Amino acid sequence: MKKLLMLMLVVSSTLAFTQKITDYRYVVIPEKFKTFKNSSFGLEAYLAKVLQEKKYEILTEAMDKWPSEAKNNSCNVANAEVLNDKSLFTNKVILQFRDCNKKVIFESKGRSDIKEFEEGFPDALKQALTYVAFSNPVEMLPAANNSNAAQNSSQSEPVVSTTNQEGSDYSNGKLDLQKIQIEPNQFILAKSGSSVPFAVFKATSKSSVFLVKMADGNTTIGYFENRNIVIDIPQADGRYSKEVFVAK
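Here the structure is a predicted model, which means the values were calculated and not measured.

J.: Describe helix α2 (residues 43–53), and please don't skip the residues or the numbers.
T.: For α2, the complete set of buried residues consists of L43, E44, L47, A48, V50 and L51. K55 lies just past α2 and shows a positive phi near 75°.

This is the structure we're talking about:
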């Protein structure tokens, strides 16, 4: 009989990082992640697969095989690393991307309660990758002008929602939340200053209507109404209350 598994998601990434990693087209993944001693359990191949699905182009460390756009300016390339952050009973990883000056531009953490390394570490990386948005590349300045490049990068727009709704900050008067687009058909609402989700929204077949997974595990629906986000909050008696988050 298969064991019952509890999956826990812990992601701590700075929101500005989430915007900056999308500026890159090219990502270098090393042949082996150095903090895993004997085996890295296929994490390199798994990371490459997911990033390619998010429209990033994967490069090896052999620069002579890079395309000219990357070879002529290494600041067009982000460098990926997965760190082994395992504790006694939990498989944990830290996913990092660094720029051409070795500065961390994105960091997120993932964990899994699956105790087997072969399944637990990939599951933890899957959680960490949740908030890596699709590539939306911009032209980078050379390293000598990197301060300007960083400024330009911080001003770049995040991936645009398929709903094309305006505003990214919302409040119901008690909670201040920020909308973070993580995929074309998926976004989260997170408390300001955090990227741990208050609610995860996935697109349905009806425009502007979403399947919503709440932080407490409940599943409900949400939708846009006059630029605001509405969630039908489940109540203890089986009914639903309308919670309106007003766009700021």
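J.: Requested: an account of the environment of V244, with residues and values cited.
T.: With respect to the helices and strands, V244 occurs in strand β13 (residues 240–247). A residue is classified by how much of its surface remains accessible, and V244, at 30% relative accessible area, is partly exposed. Once the C-alpha coordinates of V244 and D232 are considered, the two residues, 12 residues apart in sequence, prove to be 8.9 Å apart. If we ignore the near neighbours within four places in the chain, the residues touching V244 are S171, N172, N228, I229 and V230.

J.: For unusual backbone geometry, give the residues involved together with the corresponding values.
T.: A positive phi angle, close to 65°, is found at K102, a residue other than glycine. Along the chain, K102 turns up in the loop between β4 (91–98) and β5 (104–112). Phi is positive for S208, which is not a glycine, with a value near 70°.

J.: Please set out the packing of aromatic side chains residue by residue, giving values where relevant.
T.: One pass over the full model with this rule turns up 11 aromatic pairs. On the numbers, 6.0 Å between centres and 80° between planes, the contact of F201 with F210 is edge-to-face. The burial state of F201 is the same as that of F210; both residues are buried. Here the aromatic residues F36, F41, F117 and F121 are joined through ring pairs into a cluster of three or more. For K179, the ring lying beneath its charged end belongs to F187, and the centroid distance is 4.8 Å.

J.: Break down the sheet that holds strand β3 (residues 77–84) for me, citing the residues and quoting the values.
T.: Read across the open sheet, the 5 strands follow the order β2-β1-β3-β4-β5; overall the sheet is mixed. Each having just a single partner strand, β2 (57–59) and β5 make up the two edges of the open sheet. Across the sheet, the mean angle separating the axes of adjacent strands is 25° when strand polarity is ignored. Packed on one face of the sheet, helix α4 (residues 117–128) meets β3, β4 and β5 and runs near 45° to β4.

J.: Which residues make up the state of the cysteines, and what values go with them?
T.: All chains considered together, the criterion is met by 1 disulfide. Each sulfur of the disulfide joining C75 and C100 lies 2.0 Å from the other. The S-S bond linking C75 to C100 shows a torsion near 75°; that makes this disulfide right-handed. Here C75 is found in the loop between α3 (68–71) and β3, whereas its partner C100 is found in the loop between β4 and β5, with 25 residues between them in sequence.

Reading the values: the criteria
- Residues numbered from 1 in each chain as written.
- Predicted model: local features only at pLDDT ≥ 70, side-chain atom pairs only at ≥ 80, totals over all residues.
- Heavy atoms only, no water.
- Buried < 20%, exposed > 50% of the residue type's maximum accessible area, 1.4 Å probe, protein only.
- Helix = DSSP H or I, 4+ residues; strand = E, 2+ residues; numbered from the N terminus.
- Contact = heavy atoms within 4.5 Å.
- Phe/Tyr/Trp six-rings, centres within 6.5 Å; stacked < 30°, edge-to-face > 60°.
- Lys NZ or Arg CZ within 6 Å of the ring centre and 35° of its normal.
- Pairing = 2+ DSSP bridges.
- Axes fitted to C-alpha atoms, helices over the stretch in contact; angles between N-to-C directions.
- Disulfide = S-S within 2.5 Å.

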